[in-house]
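Architecture and fold: a report
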Amino acid sequence: MRSIIIFLQQVNVEQKLKEAPDSQYQIGVLIGSFVPFIVLVGIAYALYYRAKKKEQNLK
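What counts and how
- Residues numbered from 1 in each chain as written.
- Predicted model: local features only at pLDDT ≥ 70, side-chain atom pairs only at ≥ 80, totals over all residues.
- Heavy atoms only, no water.
- Helix = DSSP H or I, 4+ residues; strand = E, 2+ residues; numbered from the N terminus.
- Buried < 20%, exposed > 50% of the residue type's maximum accessible area, 1.4 Å probe, protein only.
- Areas by Shrake-Rupley, 256 points an atom, 1.4 Å probe, with all protein chains shown as cover.
- UniProt positions renumbered as here; feature names shortened; annotations may be inferred.
- pLDDT = per-residue confidence, 0-100.
- Phe/Tyr/Trp six-rings, centres within 6.5 Å; stacked < 30°, edge-to-face > 60°.
- Patch = residues over 30% accessible without salt bridge, like charges linked within 9 Å, V, L, I, M, F, W, Y side chains within 5 Å.
- Salt bridge = Lys/Arg side-chain N within 4 Å of Asp/Glu carboxyl O.

Section: the overall build of the protein chain
Per the secondary structure count, the protein chain includes 3 helices and 0 strands. From first element to last, N terminus to C terminus, the protein chain shows the α and β order α-α-α. A burial count over the protein chain gives 3% of its 59 residues as buried. Working note: accessible area of the protein chain is about 5,800 Å², and carbon and sulfur atoms make up 64% of it.

Points about the UniProt feature "transmembrane region" (unreviewed entry) in the protein chain
The positions UniProt marks with the feature "transmembrane region" (unreviewed entry) are residues 27–49. Spanning residues 27–49, this segment combines 100% helix with 0% strand, and its end C-alpha atoms are found 32 Å apart.

Quick look at the confidence of the model for the protein chain
In this model, the protein chain carries an average pLDDT of 80, and 78% of its residues clear a pLDDT of 70 or more. Averaged pLDDT values for the elements of the protein chain fall to 63 in helix α1 (residues 2–8) and rise to 87 in helix α3 (residues 23–58).

Things to note about the packing of aromatic side chains
Aromatic ring pairs are defined here through the distance separating the ring centres and the angle between the ring planes. This structure, assessed with the given rule, holds 1 aromatic pair. Measuring from ring centre to ring centre gives 6.4 Å for Y45 and Y49, while their planes differ by 20°; the resulting arrangement is stacked. Separated by 4 residues within a single helix, Y45 and Y49 lie in helix α3, roughly one turn from each other. A residue is classified by how much of its surface remains accessible, and Y45, at 55% relative accessible area, is exposed.

Notes on a nonpolar patch on the surface
There is a patch of nonpolar side chains on the surface, built from I27, I31, V35, V39, I43 and L47 and spanning about 540 Å² of accessible area. With respect to the helices, strands and loops of the structure, I43 is situated in helix α3. Residue classification places I43 among the partly exposed positions, given a relative accessible area of 46%.

Structural data, given as structure tokens:
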């Protein structure tokens, strides 16, 4: 599973930063590279919270 995530997130950020026209583009590249990770963490937390809530209701 990790290899799939790593493969999907392989973006050459360093090259994009070197070729950036200005600092605002650099900030956008950095934010854009973290968005997929943040979304995955949010989904994982939502699933965890939902499972925990369901488990408490069974008791």
